[in-house]
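Spelled out from the first residue to the last, the chains are:
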Amino acid sequence: MSTSTSALRPPAAAAAAYAPPRRTVAAFVPAGLLATGHLYVVIPLLARMSAEWGAPAAVLTWLVSAFGLGYAGGFLLFGPLSDLYGRRRVMTWGMAATAVTTASVALSPGPGAALALRVAEGVTTAVFAPTAFAYIAERVEPRRRAVTMTSVVSALFASAVVAQLAGKALADLLGWRPVFLLGGAAFAVMTVVLRRVMLPDTASGAGGNPYAAVPVLLRDPRLMLMYAATLTVLGAFVALYTALQLEGPAGIAGDPSALLTLRATALPAIAAIPFATPYLTRFSPARRAAVMLGAAAVIALVVGLTAPGVAALAVLLAAFAFAIGVTAPAVIETVGLLAGPARATAVSLFTFFLFTGASLGPVAASAAAPYGFAVLMYGVAGVLALGGGLVLIASSGRRIR
């Protein structure tokens, strides 16, 4: 795509030195667990909130959606801002704001205030992903970049399980309000850590509209194909687990604890992804994404055809999580390479489409539930195969290395 327009000007001069990859991973992984984890941490708290406020737990599930809506919208806000003002500056101020919005949820007098505060928490928490991804793409040495990116993305996937387990343990010990107070304190600590670890900004902070790149990026056919593929990544992932919840095998459907246990069995596979990445980087990021989407499609097809028992299902889900966990950072790399100097804005759009897909996944699975579990799995497989095809088409115009 052409980058002659001023909307796509580089946000900074070339970095004078590369960021230390180990320190970057050590700071970004817990920050990613904490940030994305707050989308899920409220789930094990709903029963306690319901008892305190006298509101149905089903109504309080909107506390998850409220955060998600703010989260998706925040991605579009912070990526362009970090293009203009610098990654470390925007990350520091955004995480500091998140410390305040998270702790504020603990002060909610009722469901209405909690919903509003969860939207605000989602918006500020969204600073992490697009800013971190753009920082890694710019400031980490190229040969270390894929492992660093994959480590952070793996943390985002693992947070769905880790945050629920941690939230339940803290709530059982202290009650639900301290979960958010401690979360706010953790974000404050991470603000200091990230400021110390991230390299100083080289952005000039010059004037200009940081969002002018958005329509330019959305007119690029290859990026639009990549964003369409992005919808399928978490969309299919969440749809599969929703299908298990609604129509899965005996002992799984309708049992949140059993489903959480199944998710936990995928954690070792997710943890293994950064160690496998040095071998996977022998292939271009677009090829990795397409192959892994295809592998995930085959796994979903096998689950639908065989209706496996719980033990076999745990193994298949671990393989499925591994494939999706490899796909996401590969798609980020591909989007960044296609976008050029507007990388952070392009990655912000990526994260927006990624979590929009995650929001659509449960809706699609619920709509297809009357047709049975096997049909749901065939649908997941078809969506993933489509995503892989879109990646191949998007990357076929020129070689992406």
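Residues numbered from 1 in each chain as written. Predicted model: local features only at pLDDT ≥ 70, side-chain atom pairs only at ≥ 80, totals over all residues. Heavy atoms only, no water.

Defined as follows: UniProt positions are given in the numbering used here, feature names are shortened, and annotations may be inferred rather than shown by experiment.
As annotated in an unreviewed UniProt entry, the protein chain carries the name MFS transporter and comes from Microbispora triticiradicis. Recorded under Subcellular location (unreviewed entry), the UniProt text for the protein chain is reproduced unchanged: "Cell membrane".

## Re the pattern of salt bridges
Using the following cut-off: Salt bridges, as used here, are contacts in which a Lys or Arg side-chain nitrogen is within 4 Å of a carboxyl oxygen on Asp or Glu. For the purposes of this entry, the term helix denotes a DSSP run of H or I that reaches at least four residues, the term strand denotes a run of E that reaches at least two, and both are numbered from the N terminus. Working definition: with a 1.4 Å probe on protein chains only, accessible area under 20% of the residue-type maximum means buried, over 50% means exposed, and in between means partly exposed.
In total, this model carries 9 salt bridges according to the counting rule given. A salt bridge links Glu121 to Arg118; its shortest N-O distance comes to 2.9 Å. One end of the pair, Glu121, and the other, Arg118, are both in helix α6 (residues 111–125), 3 residues apart, so they sit about a helical turn from each other. Judged by its relative accessible area of 0%, Glu121 falls in the buried class. Glu333 is the partner of Arg288 in a salt bridge, and the nearest nitrogen-oxygen pair spans 2.5 Å. Remark: Glu333 occurs in helix α15 (residues 310–339) and Arg288 occurs in helix α14 (residues 285–306); sequence separation between them is 45 residues. Accessibility expressed as a relative area gives 7% for Arg288, which makes it buried. Because the salt bridges share partners, they merge into one network encompassing Arg48, Lys168 and Asp172.

## Describing the packing of α14 against helix α17 (residues 373–394)
So the rule is basically this: To obtain each axis, a line is fitted to C-alpha atoms, and for helices this fit is confined to the stretch in contact; angles are then taken between N-to-C directions over 0 to 180 degrees. If an angle is under 35 degrees, it is roughly parallel; if it is over 145, roughly antiparallel; if it lies from 65 to 115, roughly perpendicular; otherwise it is oblique. Should the near helix be turned counterclockwise from the far one by less than a right angle, the crossing is left-handed, whereas a clockwise turn marks it as right-handed. Residue contacts are counted whenever heavy atoms from the two residues lie within 4.5 Å of one another.
Interaxial distance between α14 and α17 falls to 8 Å at its minimum, and their mutual angle equals 170°. The angle between α14 and α17 falls in the class roughly antiparallel. As α14 runs across α17, the sense of the crossing is left-handed. Together, Ala286, Ala289, Ala290, Leu293, Ala296, Ala297, Ala300, Leu301, Val303, Gly304 and Leu305 of α14 and Phe373, Ala374, Met377, Tyr378, Val380, Ala381, Leu384, Ala385, Gly387, Gly388, Val391 and Leu392 of α17 make up the contact between the two elements.

## Describing helix α9 (residues 177–197)
Cut-off, in case you're wondering: The span expected for a helix works out to 1.5 Å for each residue beyond the first. Each C-beta atom gives one direction from the helix axis, and the arc is the one those directions make.
Here α9 contains 21 residues, and its C-alpha end-to-end distance of 30 Å stays within 8% of the 30 Å for a straight helix at 1.5 Å per residue. Turning to α9, its buried residues number three or more, namely Val179, Phe180, Gly183, Gly184, Phe187, Met190, Thr191, Leu194 and Val197. Along α9, the residues classed as buried sweep out an arc of 150° about the axis, all on the same side. Of the exposed residues in α9, those oriented more than 90 degrees away from the buried face are Val189, Val192 and Arg196. In this structure, the buried residues of α9 make contact with α1 (21–40), α2 (46–53), α5 (87–105), α6, α7 (128–139) and α8 (142–174).

## Structural notes on a nonpolar patch on the surface
What counts here: Only residues whose relative accessible area exceeds 30% and that take part in no salt bridge are eligible for patches, with like-charged residues grouped when within 9 Å of each other and nonpolar side chains (Val, Leu, Ile, Met, Phe, Trp, Tyr) grouped when within 5 Å. Residue burial considers only the protein chains on display, and all accessible areas are found by Shrake-Rupley using a 1.4 Å probe.
There is a patch of nonpolar side chains on the surface, built from Leu301, Leu305, Tyr371, Val375 and Tyr378 and spanning about 510 Å² of accessible area. The set of elements that each furnish at least two residues to the nonpolar patch consists of α14 and α17. Among the residues examined, Val375 registers a relative accessible area of 40% and is labelled partly exposed.

## Some remarks on the environment of Pro111
With respect to the helices, strands and loops of the structure, Pro111 is situated in helix α6. A C-alpha to C-alpha distance of 9.6 Å links Pro111 and Gly54, two positions 57 residues apart in sequence. Those residues in contact with Pro111 that lie beyond four places of it in its chain are Trp53, Ala55 and Leu60.

## Digging into the packing of aromatic side chains
To describe a pair of aromatic rings, you give the distance between the ring centres and the angle between the ring planes. The test is simple: Stacked, tilted and edge-to-face are the three classes applied to pairs of Phe, Tyr and Trp rings, where Trp contributes its six-membered ring and a pair requires centres within 6.5 Å; stacked means planes under 30 degrees apart, edge-to-face means over 60, and tilted covers the rest.
Summed over the entire model, instances satisfying the criterion amount to 12 aromatic pairs. Relative to Phe355, the ring of Tyr71 has its centre 5.1 Å away and its plane inclined at 75°; by these criteria the two rings are edge-to-face. Here Phe355 lies in helix α16 (residues 343–368) and Tyr71 lies in helix α4 (residues 62–85), a separation of 284 residues in the sequence.

## So, the environment of Ala236
Relative to the helices and strands, Ala236 is located in helix α11 (residues 221–247). Distance from Ala236 to Val310, taken between C-alpha atoms, is 20 Å for residues 74 residues apart in sequence. Not counting the four nearest positions on each side in its chain, Ala236 is found in contact with Phe320, Val380, Val383 and Leu384.

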